[in-house]
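Residue-level structural notes
Listed below are the residues making up each chain.
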Amino acid sequence: GGIGMLVTGTPLAWLIQATSWRGGYWALGGFSVLSWLLMYALVREPSAPVPHPDAAPAQRESVVQAIKKFGALFTLPHTLGILLLASVGYASFIALRGLWLGPMLIQRHGFSLVESGNVALAMSFSSMFGPPLFGRLDPGPAQRRRWIVGFTLVLAALFALFVVTHSAVIDVLDPIVIGLLSGFMVLQYADV
């Protein structure tokens, strides 16, 4: 995923600028096929361990049983909040990175496709450092939800900066900071 984020920054912008948007789709399609072929050739299911002779045979869970267990999660009172927060957190990051950033920089400030790709690359690079950083800074169960809510509000404020300012400096630095701070989302996994 991280490599894909890096490749779809400056390298893809350069390819599209040098050829056309079709060239970008052909390249991404080719890399997708290559990835599929590599997975097919290299990824194998682990072999099952040999059971102990005295052990009872393992009961395999049916699909219906698995769905019932999964459905039970939706009866918990905090599940909706977790799902909503997870839905908007990553979605806002990826929408900025994948949809808004290039057009905003090009239309608002006259950046070239490659220049906006450079900003996307920097945002992608900073986003790769966020999860390990927040994994190390995890405040523990007592404070984790406060951090999650607090950093969600910080990110909302950073998104609001795009609306209230029209500064090229902010429009370049803000996505890089958002990329880094979006790493707080790993705290949701620990919280769940």
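See the structure above.
None of these values were measured; they are calculated from a predicted model. (Residues numbered from 1 in each chain as written. Predicted model: local features only at pLDDT ≥ 70, side-chain atom pairs only at ≥ 80, totals over all residues. Heavy atoms only, no water.)

Our focus in this paragraph is helix 6 (residues 113-137). Here helix 6 is 25 residues long and its end C-alpha atoms lie 36 Å apart, about the 36 Å a rise of 1.5 Å per residue gives. Among all positions in helix 6, only Val114, Ser116, Gly117, Val119, Ala120, Met123, Ser124, Ser126, Ser127, Gly130 and Phe134 are buried. The secondary structure elements touched by the buried residues of helix 6 are helix 1 (2-7), helix 2 (10-18), helix 5 (79-109), helix 7 (141-164), helix 8 (168-181) and helix 9 (186-191). (Helix = DSSP H or I, 4+ residues; strand = E, 2+ residues; numbered from the N terminus. Expected span 1.5 Å × (residues − 1). Buried < 20%, exposed > 50% of the residue type's maximum accessible area, 1.4 Å probe, protein only. Contact = heavy atoms within 4.5 Å.)

Here the focus is the layout of surface pockets. Put simply, the largest pocket is a space of about 440 Å³. Tyr90, Pro131, Ser182, Met185 and Tyr189 are the residues nearest the centre of the largest pocket, which is lined by 17 residues in total. Within the residue set of the lining of the largest pocket, elements represented by two or more residues are helix 1, helix 5, helix 6 and helix 9. Take the lining of the largest pocket: its biggest share by element is 4 residues, from helix 5. Looking at the lining of the largest pocket residue by residue, the class counts come to 11 nonpolar, 6 polar and no charged. The volume enclosed by the second largest pocket comes to roughly 290 Å³. In terms of lining, the second largest pocket is formed by 16 residues, of which the most central are Thr8, Arg97, Gly98, Gly102 and Leu113. Counting residues per element, the ones that place at least two in the lining of the second largest pocket are helix 2, helix 5 and helix 6. Taken together, the residues that form the lining of the second largest pocket break down as 9 nonpolar, 6 polar and 1 charged. (1 Å grid on protein atoms, 1.4 Å probe; cavity = no way out; pocket = protein on both sides within 12 Å on 5 of 7 lines; lining within 4 Å. Points joined across faces, edges and corners; volume = space filled by probe spheres on them. Nonpolar A, V, L, I, M, F, W, Y, C, P; charged D, E, K, R; others polar.)

Attention shifts here to the pattern of salt bridges. Counted under the stated rule, the structure contains 3 salt bridges. The salt bridge involving Asp171 is made with Arg108; its shortest N-O contact spans 2.8 Å. In this pair, Asp171 sits in helix 8 while Arg108 sits in helix 5, placing the two residues 63 residues apart along the sequence. For Asp138, the salt bridge goes to Arg144, with nearest N and O atoms at 2.8 Å. Since its relative accessible area comes to 28%, Asp138 is described here as partly exposed. You can call Arg144 buried: its relative accessible area is 9%. (Salt bridge = Lys/Arg side-chain N within 4 Å of Asp/Glu carboxyl O.)

In this structure, Leu96, Leu101, Leu155 and Ile178 are the most contacted members of the largest nonpolar core, which totals 21 residues. For this core, the secondary-structure elements that each account for two or more residues are helix 5, helix 6, helix 7 and helix 8. When sequence neighbours within four positions are dropped, the list of residues in contact with Leu155 reads Ile178, Leu181, Ser182, Phe184 and Met185. (Core = buried A, V, L, I, M, F, W, Y, C linked by side-chain atoms within 4.5 Å.)

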